[in-house]
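# Geometric and topological summary
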Amino acid sequence: MYNLSGDEMSIFAQRLRDLRLQKGLKQSEIAEKLNISFKTLSAYETGRAQPSMDMLERIAAFFNVSVDYLLGLSDLPKESVKLDLRYIPVYNGVCAGNAGVYPEGSVVIDHIPIPEHSKGKFGVRVYGDSMEPEIHDGDYVVVDPEVQYNNGDKIVVVLEDPFPCAFVKVYKPQDHVVLLYSTNPKYEPIVLNRPLNVRIVGKVVALFRKY
C-alpha cells in the first residue's frame with residue numbers, strides 16, 4: 001500500500017488535529033478509541049509517523065469522513081476521489097545502517113503503484129533500522145533524481161570507498177563537510193568531506209510499505 005507523500009503527511013496531521021479539536025477530545029481519548037498509544041497519535045498529529053492504510057480507514061470511520069479528506073485529496077469530508085496510478089520499478093536496495101555491502105542495485109525486484117501525477121521515478125528497497133521509526137527494514141523509498149534536495153531532506157546516496165554502498169539518509173550540509181544523519185538516534189552521522197566524492201542518486205519523495 002502506498003504511503004503518504006510529504007504534502008499528504010502535512011495535510012493529514014493538520015486535519016487529524018482539527019477533527020479531534022472539533023470533537024473536544026484529548027489525544028489520549030482518541031488513542032484509546034483507536035487502540036493505539038498516546039505517543040503514536042501524537043506522532044501522527046505532528047507528522048512524525050505515517051499511519052497504515054488500515055489505520056487511516058479506522059480514523060476516517062471514527063470521525064465519519066473519507067480517507068481522501070484526511071489526505072487532502074478532497075476538501076469535502078465525505079467525498080472520495082478515484083486516483084489514476086502508474087507503476088514504477090523497485091531496485092534492490094539501500095542500507096539504512098552505517099555499514100554493510102550495497103545489494104545489487106541494478107536488479108528490479110518489484111513494481112509498485114503510485115499516483116499518476118506524483119513525483120517519483122523508481123523505488124529502492126531499504127535494509128536496516130537506522131531510519132526508524134519512519135522507515136523500516138523492508139520498506140521501499142520512492143526516489144526522484146530530478147527533484148531538488150535541500151537541507152533536511154532524505155536522499156539516496158552511493159559511497160564508493162572502500163566499496164560501493166548506498167544509504168538513505170537525512171542530508172545536512174555544513175561549511176566544510178556534509179553530514180548524513182539517521183533518524184534512529186543510536187546511529188552516528190556519516191561525515192563527508194568536501195569536495196564530495198559520492199553520487200547522490202536522488203531525493204526520497206515518498207514511502208511505500210507492504211502490509
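First, a word on what this report is: a plain description of the structure on this page. (Residues numbered from 1 in each chain as written. Predicted model: local features only at pLDDT ≥ 70, side-chain atom pairs only at ≥ 80, totals over all residues. Heavy atoms only, no water.)

## Focus: the pattern of salt bridges
Should the charged atoms of two oppositely charged side chains come close, the side chains can pair. One pass over the full model with this rule turns up six salt bridges. One salt bridge in this structure joins glutamate 134 and lysine 154, with 3.2 Å as the shortest N-O distance. Highlighted residues: glutamate 134 in the loop between strand 3 (122-127) and strand 4 (140-144) and lysine 154 in strand 5 (residues 154-159), separated in sequence by 20 residues. When its relative accessible area of 25% is taken as the criterion, glutamate 134 is described as partly exposed. (Salt bridge = Lys/Arg side-chain N within 4 Å of Asp/Glu carboxyl O. Helix = DSSP H or I, 4+ residues; strand = E, 2+ residues; numbered from the N terminus. Buried < 20%, exposed > 50% of the residue type's maximum accessible area, 1.4 Å probe, protein only.)

## Points about the packing of aromatic side chains
This structure, assessed with the given rule, holds five aromatic pairs. Judged by centre distance (5.8 Å) and plane angle (80 degrees), the rings of tyrosine 91 and phenylalanine 122 are edge-to-face. A residue pair is termed long-range when its members are at least 10 positions apart, and tyrosine 91 in strand 1 (residues 85-95) and phenylalanine 122 in strand 3 qualify at 31 residues. On the numbers, 6.0 Å between centres and 15 degrees between planes, the contact of tyrosine 140 with phenylalanine 208 is stacked. A residue pair is termed long-range when its members are at least 10 positions apart, and tyrosine 140 in strand 4 and phenylalanine 208 in strand 9 (residues 198-208) qualify at 68 residues. Judged by relative accessible area, tyrosine 140 falls into the buried class, the value being 9%. If you follow lysine 23 out to its NZ or CZ, it ends over the ring of phenylalanine 62, 5.8 Å from the centre. A cation over an aromatic ring shows up here: arginine 125 above the ring of tyrosine 127, its NZ or CZ 4.1 Å from the ring centre. (Phe/Tyr/Trp six-rings, centres within 6.5 Å; stacked < 30°, edge-to-face > 60°. Lys NZ or Arg CZ within 6 Å of the ring centre and 35° of its normal.)

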